[in-house]
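Chain by chain, the residues run as shown.
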Amino acid sequence: MNQLSWNLHSFRHLLKHCIAERDFLTGRSLHTLYIKSLVPPSAYLSNHFILLYSKCHRLLLAARRAFDLTPNPNVFSFNAIIAAYAKESQMMVARQLFDRIPAPDLMGPAFSLFVGMHDMGLDMDGFTLSAVVTACGDDVSLMRQLHSFAVSSGLDSYVSPSNALLTYYSKNGYLNEAKRMFDEMGEARDEVSWNSMIVAYGQHREGLRALELFQEMIRKGMYVDMYTLASVLTAFTCLSDLVGGLQFHAKLVKTGFHQNSHVGSGLIDLYSKCKGAMSDCEKVFQEIKEPDLVYFVCAISACSNLSSPSQGKQMHGLVIKSEIPSNWISVDNALIATYSKCGNLGDARRLFKRMPEHNTVSLNSMIAGYAQHGLGEESLALFQEMLDNDIPATSITFISILSACAHTGKVHEGQTYFNMMKEKFGLEPEAEHYSCMIDLLGRAGKISEAEKLIVTMPFSPGSVGWASLLGACRKHGNMEIAVKAAYQFLQHEPANAAPYVVLSNMFVRAGRLEDMVAIRKLMRDRGVKKNPGCSWIELNRRTHVFVAEDSSHPMIKETRDYLDEMLLKIRKVGYVLEVNQVSLKEDGMEEKEMEMRLRHHNEKLAVAFGLISTKDGEPILVVKNLRICGDCHNAIKHISKITKREITVRDTRRFHYFKEGQCSCEDYW
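Residues numbered from 1 in each chain as written. Predicted model: local features only at pLDDT ≥ 70, side-chain atom pairs only at ≥ 80, totals over all residues. Heavy atoms only, no water.

Thoughts on the overall build of the protein
Secondary structure assignment for the protein yields 35 helices and 6 strands. A total of 669 residues make up the protein; the buried ones form 49% of that total. In the protein, 61% of the contacts between residues at least 6 apart in sequence involve partners at least 24 apart. As displayed, the protein has an accessible area near 33,000 Å², and 53% of this comes from carbon and sulfur atoms. (Helix = DSSP H or I, 4+ residues; strand = E, 2+ residues; numbered from the N terminus. Buried < 20%, exposed > 50% of the residue type's maximum accessible area, 1.4 Å probe, protein only. Contact = heavy atoms within 4.5 Å. Areas by Shrake-Rupley, 256 points an atom, 1.4 Å probe, with all protein chains shown as cover.)

The following block contains the structure:
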């Protein structure tokens, strides 16, 4: 770190200390150095001087001078100065400043005005409280205070603030509180209340309950609008019920709602996430009469769910040509996520750097992109930038950060960030955060610590937590804990093939053939079938799918011949088939048969087809519906070196970027 960076770091730290301790004299000295340009100017520092003076008693004029000297005041600048005027009951000036905010973030100024009105004894109604609740952002503790105020003042009897509280709870992950609000409203509930609750159930993957509420709405003869219908589509999506969604789509066509952009967004989301055809998405897209910003964002996100790089680029081009500005932050955020999920991290990074401004979603998208591609250092550096600039982290941010730590073996850092959630940001870790921590400890071989964490969680870990522990046991060969994890996994999802398959293969490797036969019999008796592995590659806007033992592809012979030839070449440079990677071996399967099945694994076939169908030197992207197997991972490393090609494989966990015989995961996945 150079001297200037060190000085800036010290200066920032000292300034924050002055604000925390209300140290006006030291703060004023720092401000003098700043004004004399002895410290490089920045909006970040200017904003903190406004904050310093506004928090020190009777220094409103100094705070205003600091604000006026800020060359390009941003939303944070306005929030700080408005809060200062509201604190001194100067509501007229606060209101004038509020009206000057460019693209305002309403939380700070709205709450400041609310506090000022309360302190001055001005009358407030349900609509006033609703506006402030809506502006609460991620500050759950503030919202709970407002809820208490609503109850004590009797404003909770109004439907408007109750709806605002219900919506806030559901959006921020507090489903039980949302249910309680909905039930307590009783007959006062209106269409907004019902719709908010349907959305809440959909967001929390309780699709059946959402559909039950919708049917109850219909029975009561309540008015159904585009938001209600879009929420029902979300319910079908979270249930992965493509058939039910198709039937509902037919009803929408009869009523004409399918041409509405909001409903159309829900249809595109349904088809993209429930393995519908790309042609269905395109048809919905073409039928929308008046596309809006929300619709564009949803359509772009659909391209990432379909792993379609070409469709994502087309959507980007369409946005640029449309009347919707391409620099709208929500559109850019969706494009960043799409490019990242389609393996094009370079374009995602370039777009991120070109954006005129970033919000929490922008940073979350880029942090997640780095994590998915195995660039843990870049993820953590961007997160540190968020902290340095006082940009609030969310639960989603920490999922990406903990995932980045898990994929790069940063155990200590992961534990630090996990503790930071509650201590610094007041965020209660949820199931996904615990799952990331279990994964982090398990990958690092700390199986006992991972098991201890899972049994001491404040709530049930569900199948996701046990799946993470089972995966760690498979990686490190811990049979004892694997049996426990698989049993718990099956308690939650008895029809899921994964625990049966993992245990069966682990039993084979441990020589416990009787146990293997027993687990496979249990699987058969319950009618559980293993999902067939498949891989696909998009070339010239066509998707080519490869499934094990499937010969339907028109170029399967040429693909297999090329693959066999390539396997002979890489064997000469050290590649050895890992026969123990054959999943769920058949009883009595001969070594040769196992070797043949392994040679023609679907990801190898997709890579081989990509190599013979593209020009020399052209990179290829393959997508897989399961975790990449160890043998294929080893083979593709060698193939990338022999062919001098860049090969990217996206499995269910992350991206594997193969180049010159190495993988971006460094064999840690």
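Now that the structure is up, let's keep going.
A closer look at helix α31 (residues 513-525)
Taking 1.5 Å of rise per residue, 13 residues should cover 18 Å, and α31 covers 18 Å from first to last C-alpha, within 8% of that figure. Buried within α31 are the following residues: Met516, Ile519, Arg520 and Met523. Axial view of α31: buried residues confined to an arc of 95°, hence all on one face. Exposed residues on α31 whose side chains face more than 90 degrees from its buried face are Glu514 and Asp525. Considering only its buried residues, α31 is in contact with α30 (497-509). Looking one or two residues beyond α31, the residue adopting positive phi is Gly527, at roughly 70°. (Expected span 1.5 Å × (residues − 1). Arc of directions from axis to C-beta.)

Comments concerning the side chain of Ser46
Take Ser46: it is sitting in helix α3 (residues 43-55). Looking at Ser46, the relative accessible area reads 6%, which means it is buried. Side-chain polar atoms of Ser46 contact the side chain of Tyr34, separated by 2.7 Å. Excluding residues within four positions of it along the chain, Ser46 makes contact with Tyr34 and Thr70. (Polar contact = N/O pair within 3.5 Å; in protein donor to acceptor, adjacent residues only side chain to side chain.)

Observations regarding the packing of helix α20 (residues 329-341) against helix α21 (residues 345-354)
Following both chains from N to C, one finds α20 and α21 inclined at 160°, their axes separated by 7 Å at the closest point. Viewed along their axes, α20 and α21 adopt a mutual orientation that is roughly antiparallel. In the packing of α20 onto α21, the handedness of the crossing is left-handed. On α21, the residues that touch Asp332, Leu335, Ile336, Tyr339 and Ser340 of α20 are Leu345, Asp347, Ala348, Leu351 and Phe352. (Axes fitted to C-alpha atoms, helices over the stretch in contact; angles between N-to-C directions. Parallel < 35°, antiparallel > 145°, perpendicular 65-115°, else oblique. Left-handed = near helix turned anticlockwise from the far one by under 90°.)

Here we look at the sheet that holds strand β1 (residues 534-539)
The sheet built from 6 strands is open, its strands ordered β2-β1-β3-β4-β5-β6 with mixed pairing. Edge positions in the open sheet fall to β2 (542-547) and β6 (662-663), since each of these has one partner strand only. Bridge count between strand β3 (residues 620-624) and strand β4 (residues 647-650): 4 bridges; the pairing is parallel. What sits directly across from Leu621, in β4, is Thr648. (Pairing = 2+ DSSP bridges.)

Quick look at the packing of aromatic side chains
Tallied over the full model, the rule gives 10 aromatic pairs. With a centroid separation of 5.2 Å and 75° between ring planes, the pair formed by Phe418 and Tyr434 is classed as edge-to-face. Of this pair, Phe418 sits in helix α25 (residues 411-425) while Tyr434 sits in helix α26 (residues 431-443), and the two are 16 residues apart along the sequence. On the basis of an interplanar angle of 50° and a centroid distance of 5.4 Å, the ring pair of Phe546 and Phe609 is categorised as tilted. With Phe546 in strand β2 and Phe609 in helix α34 (residues 602-612), this residue pair connects regions lying 63 residues apart in the sequence. Neither residue differs from the other here; Phe546 and Phe609 are each classed as buried. Following the ring pairs from residue to residue traces out a cluster consisting of Phe383, Phe398, Tyr417 and Phe425. (Phe/Tyr/Trp six-rings, centres within 6.5 Å; stacked < 30°, edge-to-face > 60°.)

Concerning the pattern of salt bridges
For the structure shown, the criterion picks out 16 salt bridges. In this structure, the salt-bridge partner of Lys557 is Asp561, at a minimum N-O distance of 3.0 Å. Pair noted here: Lys557 and Asp561 are both in helix α32 (residues 556-571), with a separation of 4 residues, about one helical turn. Overall, the relative accessible area of 57% leaves Lys557 in the exposed class. Overall, the relative accessible area of 41% leaves Asp561 in the partly exposed class. A salt bridge links Glu565 to Lys569, with the shortest nitrogen-to-oxygen separation between them at 3.7 Å. In this pair, Glu565 and Lys569 both sit in helix α32, 4 residues apart, roughly one turn of the helix. (Salt bridge = Lys/Arg side-chain N within 4 Å of Asp/Glu carboxyl O.)

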